[in-house]
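Architecture and fold: a report
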Amino acid sequence: MSYSVKETFTPDTPTGPAPPAPAALAAKVRTVAPSMTRSMQRVAEAVAGDPAGCAALTVTGLAERTGTSEATVVRTARLLGYPGYRDLRLALAAAAAQQEAGRAPSVTADIAVDDSMADVIAKLARDEQQALADTAVGLDPVQLEAAIAAMATARRIDVYGIGASNLVGQDLVQKLLRIGVVAHASPDPHLAVTNAVQLRAGDVAIAITHSGRTVDVIEPLRVAFDHGATTVAITGRPDGPVASYADHILTTSTGRESELRPAAMSSRTGQLLVVDCLFIGVAQRTYERAAPALAASYEALAHRHSPLRPRS
């Protein structure tokens, strides 16, 4: 498929989510860049790194600056959520104006083996704040609401995840159980598939996979999908294989990986934000049932939180 210069300045009728706000452009680039071709990444990195300079360029000028083609520039704009290049230029101009007004872009840095603990604390805090901000920007409220609606009326909810993603899944399950929602999460991929076979219409299956291609997570989700359950994917790669079996996709920040900060660390913060949003949404929709269940769980465990008596 090719695009003409004329097409690049003709806005299309939007059919998907609204384009990201100017302040969210850099976060959007970080989220979708891993799924882009290398030439599209050059365009995305240019507009995120120098919004003012790129806003002054025509589609031809930006293509020349990045060593790509006009069609690549247009495809990049659309993948970033803009109907056309003109809309992207307007967002770049607005982002540049915000920077000039004193809103400096966020900066993250890798952790080095010789960093002091004070530096480690500061860098991790900065990175996790950025991961939360990026996830919040990329999370589609429509998809989130749809997932919550299905969960609030589900007969049961199964959650699939491996490794660190399973820990996030366990966190969601524990929260749901506290408000009276039947939920399960098994770290055993064989048991996950066995459980998925029992699902049907009215049930919900949630897959958590940062890469979007973890076979042991995709397989039970596929089985649940085939059996009619409503399926949800929490992933940093919304274009990954997991999307083929997901009715609703909740995108998390891709995070920044380094030698001392692997994907399991960089993705977890965004996943936990999504999990908390799901829990709060379900609790809101089922409040009359959730509130007494939560109070009962607190009461049942109250004696375990009593202060220890001092030794005589």
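No experiment lies behind these values; they were computed from the predicted model shown.

**Comments concerning the overall build of the protein**
- On a plain count of helices and strands, the protein comes out with 14 helices and 5 strands.
- Sequence-distant contacts in the protein: of pairs separated by 6 or more residues, those separated by 24 or more amount to 72%.
- Per element, the accessible surface of the protein, about 15,800 Å² overall, is 57% carbon and sulfur.

**Things to note about the confidence of the model for the protein**
- Put simply, the protein has an average pLDDT of 84, and 82% of its residues get 70 or more.
- Every residue in residues 1-16 scores below 50 in pLDDT, and together they form 23 contacts with partners more than four places removed in sequence or on other chains.
- Confidence drops under pLDDT 50 across residues 103-108; counting only partners more than four residues distant or on other chains, this segment forms 8 contacts.

**Considering helix α5 (residues 59-66)**
- By the burial criterion, the buried members of α5 are Val 59, Gly 61, Leu 62, Ala 63 and Thr 66.
- Gly 67 sits one or two positions beyond α5 and adopts a positive phi of about 65°.

**Some points on the packing of aromatic side chains**
- On inspection of all chains with the given rule, the structure shows 1 aromatic pair.
- Between Phe 225 and Tyr 245, the aromatic rings sit 6.1 Å apart at their centres with planes inclined by 70°, giving edge-to-face as the arrangement. Here the residue Phe 225 occupies a position in helix α12 (residues 215-226), and Tyr 245 occupies one in the loop between β4 (230-235) and β5 (248-251), the gap between them amounting to 20 residues.
- Exposure remark for Phe 225: the relative accessible area of 33% places this residue in the partly exposed category.
- Judged by its relative accessible area of 25%, Tyr 245 falls in the partly exposed class.

**Some remarks on the nonpolar core**
- One finds Ile 157, Leu 176, Ile 206 and Leu 278 to be the most contacted residues of the largest nonpolar core, which totals 30 residues.
- At the level of elements, α9 (141-152), β1 (157-160), α10 (164-178), β2 (183-185), β3 (204-208), β4 and α13 (263-285) are the ones that each hand at least two residues to this core.
- Looking at which element gives the most residues to this core, the answer is α13, with 6 residues.
- The residues touching Leu 278, leaving out its near neighbours within four places in the chain, are Leu 144, Ala 147, Ile 148, Met 151, Leu 172, Ile 234 and Leu 250.
- By size, the runner-up hydrophobic cluster in this structure holds 24 residues, among which are Met 36, Val 43, Val 73 and Leu 88.

**Some words on the sheet that holds β1**
- Taken together, the 5 strands give an open sheet; going across it, the order is β2-β1-β3-β4-β5, and neighbouring strands pair in parallel fashion. The sheet is open, and its two borders are formed by β2 and β5, each paired with just one other strand. Here the average twist between neighbouring strands, direction ignored, is 15°.
- Two strands pair when backbone bridges link them, and β3 and β4 are joined in this way by 5 bridges, in the parallel orientation. Residue Ile 208 lies in a different strand from β4, and its bridge partner there is Ile 234.
- α9 contacts β1, β3, β4 and β5 of the sheet and is inclined by roughly 125° relative to β5.

**Regarding the pairing of β3**
- When you tally the buried positions in β3, you get 5 out of 5 residues, the bulk of the element.
- Of the two faces of β3, both are covered, the one formed by Val 204, Ile 206 and Ile 208 as well as the one formed by Ala 205 and Ala 207.
- The pairing of β1 with β3 spans 4 bridges and is classified as parallel. Paired with Tyr 160 across the strands is Ala 207, a residue of β3.

**Here we look at the pattern of salt bridges**
- Evaluated as defined, the whole model comprises 10 salt bridges.
- Between Asp 115 and Lys 123 there is a salt bridge, with its nearest N and O atoms 2.8 Å apart.
- For Lys 123, a relative accessible area of 15% translates into the label buried.
- Salt-bridge contacts for Arg 222 lead to Asp 226; the nearest nitrogen and oxygen are separated by 2.9 Å.

**Observations regarding the packing of α5 against helix α6 (residues 70-79)**
- Between α5 and α6, the shortest axis-to-axis distance is 8 Å and the interhelical angle comes to 100°. The angle between α5 and α6 falls in the class roughly perpendicular. Of the residues in α6, those in contact with Val 59, Thr 60, Leu 62 and Ala 63 of α5 are Glu 70, Val 73 and Val 74.
- Considering only residue class, the contact of α5 with α6 consists of 5 nonpolar, 1 polar and 1 charged.

**Concerning the environment of Val 73**
- Turning to its location among the elements, Val 73 is positioned in helix α6.
- On the basis of relative accessibility, which here comes to 0%, the residue Val 73 falls in the buried class.
- In this structure, the C-alpha to C-alpha distance between Val 73 and Ala 63, residues 10 residues apart in sequence, is 6.3 Å.

What counts as what
Residues numbered from 1 in each chain as written. Predicted model: local features only at pLDDT ≥ 70, side-chain atom pairs only at ≥ 80, totals over all residues. Heavy atoms only, no water. Helix = DSSP H or I, 4+ residues; strand = E, 2+ residues; numbered from the N terminus. Contact = heavy atoms within 4.5 Å. Areas by Shrake-Rupley, 256 points an atom, 1.4 Å probe, with all protein chains shown as cover. pLDDT = per-residue confidence, 0-100. Buried < 20%, exposed > 50% of the residue type's maximum accessible area, 1.4 Å probe, protein only. Phe/Tyr/Trp six-rings, centres within 6.5 Å; stacked < 30°, edge-to-face > 60°. Core = buried A, V, L, I, M, F, W, Y, C linked by side-chain atoms within 4.5 Å. Pairing = 2+ DSSP bridges. Axes fitted to C-alpha atoms, helices over the stretch in contact; angles between N-to-C directions. Salt bridge = Lys/Arg side-chain N within 4 Å of Asp/Glu carboxyl O. Parallel < 35°, antiparallel > 145°, perpendicular 65-115°, else oblique. Nonpolar A, V, L, I, M, F, W, Y, C, P; charged D, E, K, R; others polar.

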